[in-house]
Amino acid sequence: MSYQRGDVVWGPDPFKSGENPRPWLILNNDRHPFGDEEYMTVTLTTTAHEEGIPIDDADWSEGGMPRQSYASPWVVASPKDAAVVRRQGRLKESFVQSVVDAMTTYLEPTS
């Protein structure tokens, strides 16, 4: 199955060994060169970091999370489609774009 921008999916956790998946927000658009095989994602967490972007119920167009969650725009991964375990729901484009905008602050030159 191919997922799309805004989908929240469960996939491999590169920070822990074993089979425990974690939630990822898919950011890539249809220009991604391998968009049907892998995804550009940021992690979602229940840990409230100051730089994290809180996800409110109104940010979901479909689905949701059982606990308060946050997007971490500095934690980027590229999971393969085959590694995705399941889909949790979809976040609205306005939220996804706010994550992309925050991520770019970590990529721009500082001077």
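What you see as residue numbers is a count from 1 along each chain, following the sequence as written. Given that this is a predicted model, residues contribute local features only at a pLDDT of at least 70 and side-chain atom pairs are listed and counted only at 80 or more, while totals for whole chains, interfaces and linings are drawn from all residues. Calculation of side-chain values draws on the structure's entire complement of heavy atoms; hydrogens and water are dropped beforehand.

## Comments concerning helix α1 (residues 93–104)
- End to end, α1 covers 16 Å across 12 residues, agreeing with the expected 16 Å (1.5 Å per residue, within 8%).
- Looking at α1, one finds that the buried residues are Phe95, Val96, Val99, Val100, Ala102 and Met103. End-on, the buried residues of α1 take up no more than an arc of 165°, which puts them together on one face. Think of it this way: any DSSP run of H or I at least four residues long counts as a helix, any run of E at least two long counts as a strand, and we number them from the N terminus. In this analysis, the expected span of each helix is defined as 1.5 Å times one less than the number of residues it contains. Each residue is placed in one exposure class: buried if its accessible area under a 1.4 Å probe, protein chains only, is under 20% of its type's maximum, exposed if it is over 50%, and partly exposed if it falls in between. Think of the arc as the fan of directions from the helix axis to the C-beta atoms.

## Re the pattern of salt bridges
- We define a salt bridge as a contact between a side-chain nitrogen of Lys or Arg and a carboxyl oxygen of Asp or Glu at a distance within 4 Å. Taken as a whole and judged by the stated rule, the model has six salt bridges.
- Residues arginine 87 and aspartate 7 are paired through a salt bridge, measuring 3.1 Å at the closest nitrogen-oxygen approach. Of this pair, arginine 87 sits in strand β7 (residues 86–91) while aspartate 7 is found in strand β1 (residues 7–11), placing the two residues 80 residues apart along the sequence.
- Classification of aspartate 7 as buried rests on a relative accessible area of 2%.
- Through salt bridges with shared partners, a single ionic network connects Asp7, Glu62, Arg87 and Arg90.

## A look at the nonpolar core
- Among buried residues, the Ala, Val, Leu, Ile, Met, Phe, Trp, Tyr and Cys ones that are joined through side-chain atoms within 4.5 Å form a nonpolar core. Leu25, Leu27, Leu91, Phe95 and Val99 are the most contacted members of the largest nonpolar core, which has 18 residues in total.
- When residues of this core are traced back to their parent elements, those giving at least two are β1, β3 (41–45), β4 (53–55) and α1.
- When residues in this core are grouped by element, the largest group, six residues, is from α1.
- Contacts of leucine 27, omitting those with residues within four sequence positions, involve Arg5, Met40, Thr41, Val42, Val96, Val99, Val100 and Met103.
- Grouped together as the second largest cluster of nonpolar side chains are eight residues, Tyr3, Ile26, Tyr39 and Ala77 included. We call two residues contacting when some pair of their heavy atoms lies within 4.5 Å.

## Focus on the environment of serine 98
- With respect to the helices and strands, the residue serine 98 is situated in helix α1.
- On the accessibility criterion, serine 98 (29% relative accessible area) is partly exposed.
- Polar contacts involving the side chain of serine 98 include one to the main-chain carbonyl oxygen of phenylalanine 95, which spans 2.6 Å. Counted as a polar contact is a pair of N or O atoms within 3.5 Å, where, for protein atoms, one must be capable of donating a hydrogen and the other of accepting one, and residues adjacent in sequence contribute only when both atoms are in side chains.

## Quick notes on the side chain of aspartate 59
- Structurally, aspartate 59 can be placed in the loop between β4 and β5 (60–63).
- Contact partners of aspartate 59, with chain neighbours within four places excluded, come to Pro54, Leu91, Lys92 and Phe95.

## Notes on the pairing of strand β6 (residues 69–77)
- Among the nine residues of β6, seven are classified as buried, and the element is accordingly described as predominantly covered.
- Strand direction decides the pairing type here: β3 and β6, joined by five bridges, are antiparallel. Of the residues in β6, the one forming a bridge with threonine 45 is tyrosine 70.
- Only strands that DSSP links by at least two bridges are regarded as paired with each other. Here β4 runs beside β6; their pairing, made up of three bridges, is antiparallel. Pairing of isoleucine 53 across the sheet is with alanine 71, part of β6.

## Some thoughts on the pairing of strand β2 (residues 22–26)
- Where burial is concerned, most of β2 is hidden: five out of the five residues are buried.
- Here β2 shows a buried face lined by Arg22, Trp24 and Ile26 and a second buried face lined by Pro23 and Leu25.
- Both β1 and β2 contribute to a ladder of four bridges, which runs antiparallel. Directly across from tryptophan 10, in β2, lies its bridge partner proline 23.
- Bridge count for β2 against β3 is three bridges, and the pairing is antiparallel.

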